[in-house]
Amino acid sequence: MKAENKQLLVFTHLSQLLDLITGCGGFIVPLILWLTQKDTIMNMDENGKSIVNFQISMFLYALLCIPLIFVFGLGILGIIAVAILCLVFPIINAIRVSNGEKPHYPLSIRFVS
């Protein structure tokens, strides 16, 4: 039987903000939490997959913006948009999970299903 642990789910979403401090901790910490706890914590598998898909998608979008910097600076706007999404949606989804709702990350490509 899986245990319910909303605090760990909330922490898993908020741990994505480690990117602001470490650069890559926002991907590694949620990945480790998901892989180690998906079989013991209720809804961890669903939340972990959505976080990993979101993180990989945002990384790819940021990479696509780099060549667009040379096209009238559109890449800079794209990188700013990716940065805002990476700041706002982990917080929104942490609140959603704490309220018992499912997480939703827009613009996520489903790499892990």
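Cut-offs and rules
- Residues numbered from 1 in each chain as written.
- Predicted model: local features only at pLDDT ≥ 70, side-chain atom pairs only at ≥ 80, totals over all residues.
- Heavy atoms only, no water.
- Helix = DSSP H or I, 4+ residues; strand = E, 2+ residues; numbered from the N terminus.
- Buried < 20%, exposed > 50% of the residue type's maximum accessible area, 1.4 Å probe, protein only.
- pLDDT = per-residue confidence, 0-100.
- Polar contact = N/O pair within 3.5 Å; in protein donor to acceptor, adjacent residues only side chain to side chain.
- Contact = heavy atoms within 4.5 Å.
- Salt bridge = Lys/Arg side-chain N within 4 Å of Asp/Glu carboxyl O.
- Phe/Tyr/Trp six-rings, centres within 6.5 Å; stacked < 30°, edge-to-face > 60°.
- Lys NZ or Arg CZ within 6 Å of the ring centre and 35° of its normal.
- Axes fitted to C-alpha atoms, helices over the stretch in contact; angles between N-to-C directions.
- Left-handed = near helix turned anticlockwise from the far one by under 90°.
- Nonpolar A, V, L, I, M, F, W, Y, C, P; charged D, E, K, R; others polar.

Observations concerning unusual backbone geometry
- Unlike most non-glycine residues, Asn 43 shows phi in positive territory, near 70°.
- Take Asn 43: it is sitting in the loop between helix H3 (25-37) and helix H4 (44-68).
- Residue Leu 107 is not a glycine yet carries a positive backbone phi of 65°.
- Judged by its relative accessible area of 53%, Leu 107 is exposed.

Re the confidence of the model for the chain
- Summing up the model confidence of the chain, the mean pLDDT is 94 and the portion of residues at 70 or higher is 100%.
- For the chain, helix H2 (residues 19-22) is the element with the lowest average pLDDT, namely 88, and helix H1 (residues 6-14) is the one with the highest, namely 96.

Side note on the side chain of Ser 15
- Structurally, the position occupied by Ser 15 is in the loop between H1 and H2.
- Taking the relative accessible area as the measure of exposure, Ser 15 reaches 2% and is therefore buried.
- Here the side chain of Ser 15 touches Thr 12 through a polar contact of 2.7 Å, landing on its backbone oxygen.
- Excluding anything up to four places from it in sequence, Ser 15 contacts Gly 25, Gly 26, Val 29 and Pro 30.

Details of the pattern of salt bridges
- Scanning the model with the defined rule gives two salt bridges in all.
- Across the salt bridge formed by Lys 49 and Asp 45, the nearest N and O atoms sit 3.2 Å from each other. Taken as a pair, Lys 49 and Asp 45 lie in helix H4 at a separation of four residues, close to a single helical turn.
- Given the relative accessible area of 25%, Asp 45 is considered partly exposed.
- Among the ionic pairs, Glu 101 bridges to Arg 96, the shortest N-O distance being 3.5 Å.
- Owing to a relative accessible area of 28%, Arg 96 belongs among the partly exposed residues under this scheme.

So, the packing of aromatic side chains
- If you walk through the whole model with that rule in mind, you get one aromatic pair.
- The cationic tip of Lys 38 hangs over the ring face of Trp 34; the distance from NZ or CZ to the ring centre is 5.3 Å.

Thoughts on the packing of H1 against H3
- Where H1 contacts H3, the axes come no closer than 8 Å and their chain directions differ by 150°. The interaxial crossing formed by H1 with H3 has left-handed handedness. Of H3, the residues touching H1 (which contributes Leu 8, Phe 11 and Thr 12) are Val 29, Pro 30, Leu 33 and Gln 37.
- Of the residues contributing to the contact of H1 with H3, the split by class is five nonpolar, two polar and no charged.

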